[in-house]
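Structural features, examined
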Amino acid sequence: EPIKKENSFMIRDKVIELIKNSESEGGIDLEKIGAYTNSSSELVGQEIQKLLEEGIIFEPRPGRVRWLG
């Protein structure tokens, strides 16, 4: 089980990094995040959902997210 937890932290870090780095382009599409992280879209989706709930990112339009911090 610890591997799974570590994996979700790694995914979270990667997702955050991708979103932060895409600010100059006005955000990033969710499918791009999935493609870049090489993780199951389900896991990536869960992390994105958590970040949205925590108010760290926001969705200016469906399928696209931006960094709030």
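Each remark here, short or long, concerns the structure printed above.
Below you will find a few notes about this structure. (Residues numbered from 1 in each chain as written. Predicted model: local features only at pLDDT ≥ 70, side-chain atom pairs only at ≥ 80, totals over all residues. Heavy atoms only, no water.)

Quick word on the nonpolar core
Burial of nonpolar side chains together is a common tendency in soluble globular proteins. Threshold: Nonpolar cores are built from buried Ala, Val, Leu, Ile, Met, Phe, Trp, Tyr and Cys residues. Side-chain atoms within 4.5 Å join them into one set. Burial classes: relative accessible area under 20% of the type maximum marks a residue as buried, over 50% as exposed, and values in between as partly exposed (1.4 Å probe, protein chains only). Here a helix means four or more residues in a row that DSSP labels H or I, a strand means two or more in a row labelled E, and each is numbered from the N terminus. Contacts: residue pairs with any heavy atoms within 4.5 Å of one another.
If you look at the biggest cluster of nonpolar residues, it comprises 13 residues, and the most contacted ones within it are Val15, Ile19, Ile33, Ile48, Ile57 and Val65. Those elements giving two or more residues to this core turn out to be helix H1 (2-21) and helix H3 (41-53). Sort the elements by how many residues they give to this core and H1 lands first, with five residues. Ile48 has contacts with Val15, Leu30, Ile33, Ile57 and Val65, leaving out every residue within four places of it along the chain.

Quick notes on the pairing of strand E2 (residues 57-61)
Here is the key point about a regular strand: its side chains alternate between the two faces of the sheet. What counts is decided by this rule: At least two DSSP bridges between two strands are required for those strands to pair.
Examined bridge by bridge, E2 and strand E3 (residues 64-67) share three bridges and lie antiparallel to one another. Across the sheet, the residue bridging to Phe58 is Arg66, located in E3. Here E2 folds back onto E3, and the loop between the two strands holds two residues, one of which, Gly63, carries a positive phi near 85°.

Description of the environment of Ile56
Relative to the assigned elements, Ile56 resides in the loop between H3 and E2. Under the relative-accessibility criterion, Ile56 is labelled buried at 17%. In this structure, the C-alpha to C-alpha distance between Ile56 and Val44, residues twelve residues apart in sequence, is 15 Å. Excluding its chain neighbours within four sequence positions, the residues that come into contact with Ile56 are Arg12, Leu51, Arg66, Trp67, Leu68 and Gly69.

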